[in-house]
Protein chains: 2
Amino acid sequence: MSHLDLGRGGEFDTIRQVVAALGDQADGIGGDCAFLPCGQGWMAVSTDTSVEGVHFKREWLSLTEIGWRAAAAALSDLAAVGAGEPRVLAAITSPERSEVVELMRGVGAAAEASGGVVVGGDLTRGRDLSLTLTVLGTTGRLVTRGGAQAGDEVWVTGHLGLARAAVRSWIEGREPSPAARTAFAHPESRLAAGHWLAGHGARAMIDLSDGLAGDAGHIAGASGCSVALELERLPIAPEVEAAAIRAGMPPAQFAALGGEDYELLVVVPPGFDPTGFGRETGVPLERIGRCVESPNSQPVAVMLLEGRPLVLSGFDHF
Amino acid sequence: MSHLDLGRGGEFDTIRQVVAALGDQADGIGGDCAFLPCGQGWMAVSTDTSVEGVHFKREWLSLTEIGWRAAAAALSDLAAVGAGEPRVLAAITSPERSEVVELMRGVGAAAEASGGVVVGGDLTRGRDLSLTLTVLGTTGRLVTRGGAQAGDEVWVTGHLGLARAAVRSWIEGREPSPAARTAFAHPESRLAAGHWLAGHGARAMIDLSDGLAGDAGHIAGASGCSVALELERLPIAPEVEAAAIRAGMPPAQFAALGGEDYELLVVVPPGFDPTGFGRETGVPLERIGRCVESPNSQPVAVMLLEGRPLVLSGFDHF
């Protein structure tokens, strides 16, 4: 067993217990994707479950949106390793067989939007709606969470906090802003961005599914250096501010704790040149921090607000 | 969209609707595995869900057995295409995080028994226990459901009907015989058998998950020829007889309708020589029928009992 360098949290403690129990029966668990040798390169593969009542509520989304979102969340793991040519398998458990076609329209559209195609799946009856999406993509170069070095720069794609703002609005009984609703219901997987970054020197990458704070901690744990993020630098969508104020915290802190943005956090060597990224991918890219030595302590992610460290934690499904 | 030549049944009607709705967003759906080009050969991949209350009841099985059975069911799809070197991803939805380690012990043991390893997964909270296993394996030669030709012979591995006998016993409030219980709780994936058969001329293959009647129908539909099976020739375990008598039907009919045997049904050219199969795989292999022209009708699977056709249908999850 190798590469099990996860951050903190109950879900990750369980994964560590599983890996300890399996011994030689497990290999490579803990990253965004598993990598299987394939020709001269690698086949990256990841599986990701979305459950009604845990990851979404039916009242919030149409069936097509539920399918899109589940597929986009899985495809995001391929983006995080720079893999392309996605192939998607959809295992759907549903109380109503009649729902399956609309769910799969969303899955198919998300696959197509990433340049991919649906190649298989499984249909099962069950009390709660649940979608497990498995995605496969090819890559010539291994980019994992584990390659960051002290002195490297930390960048992030897109804008943060919108998905959390949408969920907060729904929980408060409000309709989310259109931008927040779209971010939650129709996230775009960053495959083109991940591919560009992998081809331009990315040393480590992760997608923001657990939230910036938690996911930066995974990079730190896997790489053996700490990650210092300056919250003032976070690219926050304007629509996040109102939700953050209602939650009683600064917008940057609200966004750093928000899960499921499905943006990419990428570590690059000093002097990284982003020229061409925006033009070729259509996605913003901002430098938000750096990697630092952690000589006398565990590698962690540190959030700095006006230069002072904040203690935050990520989103844990269990 | 290609290769969508499924047999009859409500689940398969839904799959056909999905494929029609997806158009070019889908490719290759409908077989035991999807095939992705990989070096000089193929990566076969399949995903398979087991849900509490649908595929098993908790009272019947230990957590380790639930994990083993879910993994073995998925690995059986790799066996059906002759693929080897299995890699397993386990997406587990469970109401109790504390159950996950025991479930994964079963998954890991099943992977190891097939010469494979667990490479990833996902853990999620949910009301009902559900396991979606994704399996990947490599193969140099494409063996699908679609290569059977009129005149070919039809063979089957192992013994049939035990899993159904176990379920029937539980439903009747009896304890299954040890052999029936083992067949249901601890099925062995036929990867070595599938690999041997793929390397010795198999023209078409399928694993018996929906039941012999339904799965033979898939071979017929995909190949464009009918399949005639002689029920007298079915290799039926002795423990099946009592359950069949209680169900009020001949043991062969009981076994032909039983799902989830996870044996292989294989079509080979006339003159196929099984020498070495038993010695190398440790599994029995019996000839049980042949492929025939169906010039004026849909290709179907026909079951013959004492030379007379019976109308049967397979196991449909929905």
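All values derive from a computational prediction rather than experimental measurement.

Asker: Would you take a moment to explain the state of the cysteines for this structure?
Answerer: In protein chemistry, a disulfide is the covalent bond that joins the sulfur atoms of two cysteines. Counted under the stated rule, the structure contains one disulfide over all chains. Here Cys 38 of chain A connects covalently by a disulfide to Cys 38 of chain B, the sulfurs 2.2 Å from one another. Of the two residues, Cys 38 of chain A sits in strand E1 (residues 34–38) while Cys 38 of chain B sits in strand E1 (residues 34–38), which places them in two different chains. Cys 38 of chain B matches Cys 38 of chain A in its accessibility class, with the two residues each being buried. Unpaired in terms of disulfides, Cys 291 of chain B finds its nearest cysteine sulfur in Cys 225 of chain B, a separation of 4.3 Å. A relative accessible area of 2% places Cys 291 of chain B in the buried class.

Asker: Would you mind showing me how to read the interface of chain A and chain B here?
Answerer: A common measure of how large an interface is: the accessible area buried when the components associate. Every contact between the two is made by 58 residues of chain A and, on the other side, 58 residues of chain B. Taking both sides of the interface into account, the surface hidden between chain A and chain B amounts to around 5,300 Å²; carbon and sulfur atoms contribute 65%. For the pair chain A and chain B, the number of links is two salt bridges. Across the pair Asp 128 of chain A and Arg 127 of chain B runs a salt bridge whose closest N-O atoms are separated by 2.6 Å. Linking chain A with chain B are 15 residue pairs in polar contact (both at pLDDT 80 or more).

Asker: Please clarify how the pattern of salt bridges should be interpreted in this entry.
Answerer: Side chains that carry opposite charge are capable of pairing whenever their charged atoms lie near each other. All names here are of chain A. Applying the stated criterion across every chain yields a total of 36 salt bridges over all chains. For Asp 13, the salt bridge is made with Arg 16, and the minimal N-O distance between the two is 3.1 Å. Within this pair, Asp 13 and its partner Arg 16 are both found in helix H1 (residues 10–22), separated by three residues, close to a single helical turn. With a closest N to O distance of 2.6 Å, Glu 172 and Arg 246 form a salt bridge.

Asker: How do you make sense of the packing of helix H2 (residues 63–79) of chain B against helix H5 (residues 178–185) of chain B when you look at a structure like this?
Answerer: Residue and element names in this part refer to chain B. Put simply, H2 and H5 touch, their axes get as near as 8 Å, and they point 65° apart. Every residue of H5 that contacts H2 at Glu 65, Trp 68 and Arg 69 is listed here: Arg 181, Phe 184 and Ala 185. Here the contact of H2 with H5 is composed, by residue class, of three nonpolar, no polar and three charged.

Asker: I tried to follow the sheet that holds E1 of chain B on my own but got confused; where do I start?
Answerer: Remark on secondary structure: sheet strands pair via backbone hydrogen bonds, oriented parallel or antiparallel. Residues and elements named next belong to chain B. Read from one edge of the open sheet, five strands run E1-E2-E5-E3-E4, paired in mixed fashion. Unpaired on one side and paired on the other, E1 and strand E4 (117–125) mark the two borders of the sheet. With strand direction ignored, the average angle separating the axes of adjacent strands in the sheet is 20°. Pairing analysis gives eight bridges linking strand E3 (residues 84–94) to E4, with the strands arranged parallel. By the bridge assignment for E4, Thr 93 is matched with Thr 124.

Asker: When you look at the pairing of strand E11 (residues 301–305) of chain A in this model, what are you seeing that I'm missing?
Answerer: Both faces of the sheet carry side chains from a regular strand, because those side chains alternate between them. All names here are of chain A. Here strand E8 (residues 226–230) runs beside E11; their pairing, made up of four bridges, is parallel. Directly across from Val 227, in E11, lies its bridge partner Ala 301. Taken together, E11 and the strand that follows it, strand E12 (residues 308–310), pair antiparallel across an intervening segment of two residues, in which Glu 306 is found at a positive phi of about 50°.

Asker: Is there a simple way to think about the packing of aromatic side chains in this case?
Answerer: For any pair of aromatic rings, the description rests on two quantities: the centre-to-centre distance and the angle between the ring planes. All names here are of chain A. Taken as a whole, this structure holds 14 aromatic pairs over all chains when the rule is applied. Between Phe 35 and Trp 42, the ring centres sit 6.5 Å apart and the planes meet at 80°, which makes this aromatic pair edge-to-face. Overall, Phe 35 belongs to the partly exposed group, its relative accessible area being 22%. On the basis of relative accessible area, Trp 42 is assigned to the partly exposed category, the value being 29%. Members of the aromatic cluster, each reached through a chain of ring pairs, are Trp 155, Trp 196, Phe 272 and Phe 277. Here the guanidinium or amino end of Arg 69 rests over the ring plane of Phe 184, the centre of that ring lying 3.8 Å away. The ring of Phe 254 carries the charged tip of Arg 164 above its face, separated from the ring centre by 4.3 Å.

Asker: Explain the sheet that holds strand E9 (residues 264–268) of chain B to me, please; I cannot follow it from the model alone.
Answerer: All names here are of chain B. Taken together, seven strands build an open sheet; the order of strands is E7-E9-E6-E10-E8-E11-E12 and the sheet is mixed. Only two strands of the sheet have a single partner each, and these edge strands are strand E7 (204–207) and strand E12 (308–310). Averaged over all neighbouring strand pairs, the angle between strand axes comes to 30°, with direction disregarded. Looking at chain direction, strand E11 (residues 301–305) and E12 are connected through three bridges and run antiparallel. Its bridge partner lying in E12, Leu 305 is registered against Arg 308. Packing of helix H7 (residues 212–223) onto the sheet brings it into contact with E7, strand E8 (226–230), E9, strand E10 (285–292) and E11, and relative to E7 it is tilted by some 150°.

Asker: What exactly am I supposed to notice about the environment of Glu 99 of chain A here?
Answerer: With respect to the secondary-structure elements, Glu 99 of chain A resides in the loop between strand E3 (84–94) and helix H3 (100–113). Discounting residues that sit within four places of it in the chain, Glu 99 of chain A has contacts with Arg 58, Leu 63, Ser 94 and Leu 129 of chain A.

Asker: Hey, could you run me through the relation of the copies chain A and chain B in this one?
Answerer: Mapping between the two chain copies consists of a rotation about an axis together with a translation along that axis. When chain A is fitted to chain B, the best match, at an RMSD of 0.0 Å, comes from turning it 180° and sliding it 0.0 Å along the axis. Classification of the inter-copy transformation places it as that of a two-fold axis. No C-alpha of chain A lies nearer the rotation axis than that of Gly 39 of chain A, which sits 1.8 Å from it.

Asker: Would you mind showing me how to read the side chain of Ser 114 of chain A here?
Answerer: All names here are of chain A. Along the chain, the position of Ser 114 falls in the loop between H3 and strand E4 (117–125). Ser 114 sits in the buried class, given a relative accessible area of 15%. When sequence neighbours within four positions are dropped, the list of residues in contact with Ser 114 reads Leu 75, Pro 86, Ser 189 and Leu 191.

Asker: Is there a simple way to think about helix H8 (residues 240–247) of chain A in this case?
Answerer: For an α-helix the count is 3.6 residues per turn, leaving residues at separations of three or four pointing the same way. Residue and element names in this part refer to chain A. When we look at burial in H8, the residues that qualify are Val 240, Ala 243 and Ala 244. One side of H8 holds all its buried residues, which, seen down the axis, span an arc of 100°. Buried residues in H8 make contact with helix H4 (162–171) and helix H9 (251–256). Just beyond H8, the residue with positive phi is Gly 248, at close to 75°.

Thresholds applied
Residues numbered from 1 in each chain as written. Chains lettered and ligands numbered in written order. Predicted model: local features only at pLDDT ≥ 70, side-chain atom pairs only at ≥ 80, totals over all residues. Heavy atoms only, no water. Disulfide = S-S within 2.5 Å. Helix = DSSP H or I, 4+ residues; strand = E, 2+ residues; numbered from the N terminus. Buried < 20%, exposed > 50% of the residue type's maximum accessible area, 1.4 Å probe, protein only. Contact = heavy atoms within 4.5 Å. Buried area = accessible area lost by both parts, 1.4 Å probe. Salt bridge = Lys/Arg side-chain N within 4 Å of Asp/Glu carboxyl O. Polar contact = N/O pair within 3.5 Å; in protein donor to acceptor, adjacent residues only side chain to side chain. Axes fitted to C-alpha atoms, helices over the stretch in contact; angles between N-to-C directions. Nonpolar A, V, L, I, M, F, W, Y, C, P; charged D, E, K, R; others polar. Pairing = 2+ DSSP bridges. Phe/Tyr/Trp six-rings, centres within 6.5 Å; stacked < 30°, edge-to-face > 60°. Lys NZ or Arg CZ within 6 Å of the ring centre and 35° of its normal. Least-squares fit on C-alpha atoms with pLDDT ≥ 70 in both. Arc of directions from axis to C-beta.

Any functional reading would require information that these geometric values do not contain.
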